[in-house]
Amino acid sequence: MVTMGISVEEIIDKAKALKSLINENHITISFEEGKKAISNDAEAQKILSKLIQTGEKLSQTIYNQDSRENYSEELALLEKEMEAHPVVKEFLTHQKQYLNMLQLVIGKIKEPEM
């Protein structure tokens, strides 16, 4: 005999409650504040965009040593720009913490014993 167990609606309700908890966490709050700071700062947006583009180019040339060195130099220049404009570096730190937290939560959903 098969029992019905928990309904999909109950699972959705729990997911909404989890979303609320995640949204109230200090990591999420810092990440959201960082997103606002970036969106209100054109120079920070420009630096972040250049950083993303350079990272994508670098990942495409992973096996080409000469290209990697060219992009490594570009990344070094971008790092200097970030040091002069700390809102980008702070945003990236908060983004990493946020994504790590989500990855941890997803991991616990998949394998709660771990």
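Residues numbered from 1 in each chain as written. Predicted model: local features only at pLDDT ≥ 70, side-chain atom pairs only at ≥ 80, totals over all residues. Heavy atoms only, no water.

A.B. asks: Any details on the side chain of Thr-54? Residues and values, ideally.
C.D. replies: In this structure, Thr-54 sits in helix H3 (residues 42–60). Taking relative accessible area as the criterion, Thr-54 reaches 1% and is therefore assigned buried. (Helix = DSSP H or I, 4+ residues; strand = E, 2+ residues; numbered from the N terminus. Buried < 20%, exposed > 50% of the residue type's maximum accessible area, 1.4 Å probe, protein only.)

A.B. asks: With reference to specific residues and values, describe the pattern of salt bridges.
C.D. replies: Tallied over the entire structure, the rule returns two salt bridges. With a shortest N-O distance of 3.0 Å, Lys-50 and Glu-81 are connected by a salt bridge. In this pair, Lys-50 sits in helix H3 while Glu-81 sits in helix H4 (residues 65–84), placing the two residues 31 residues apart along the sequence. By relative accessible area, which is 25% here, Glu-81 ends up partly exposed. (Salt bridge = Lys/Arg side-chain N within 4 Å of Asp/Glu carboxyl O.)

A.B. asks: Requested: an account of the packing of H3 against helix H5 (residues 86–110), with residues and values cited.
C.D. replies: Following both chains from N to C, one finds H3 and H5 inclined at 55 degrees, their axes separated by 9 Å at the closest point. Judged by the angle between their axes, H3 and H5 are oblique. In terms of crossing hand, the pair formed by H3 and H5 is right-handed. Residues Ala-44, Ile-47, Leu-48 and Leu-51 of H3 form the contact with H5, whose own contacting residues are Val-87, Val-88, Phe-91 and Leu-92. Across the contact of H3 with H5, the residue classes tally to eight nonpolar, no polar and no charged. (Axes fitted to C-alpha atoms, helices over the stretch in contact; angles between N-to-C directions. Parallel < 35°, antiparallel > 145°, perpendicular 65-115°, else oblique. Left-handed = near helix turned anticlockwise from the far one by under 90°. Contact = heavy atoms within 4.5 Å. Nonpolar A, V, L, I, M, F, W, Y, C, P; charged D, E, K, R; others polar.)

A.B. asks: Outline the environment of Glu-32, supporting the account with residue identities and numerical values.
C.D. replies: For Glu-32, the location among the structural elements is in helix H2 (residues 26–39). The exposure class assigned to Glu-32 is partly exposed, which follows from its relative accessible area of 33%. A sequence separation of 62 residues divides Glu-32 from His-94, and the C-alpha atoms of the two residues are 8.7 Å apart.

A.B. asks: Would you mind going over the confidence of the model for the protein in detail, with residue names and values included?
C.D. replies: Mean pLDDT over the protein works out to 87, with 89% of the residues at or above the 70 mark. When pLDDT is averaged over each element of the protein, H2 comes out on top at 97 and H4 at the bottom at 75. (pLDDT = per-residue confidence, 0-100.)

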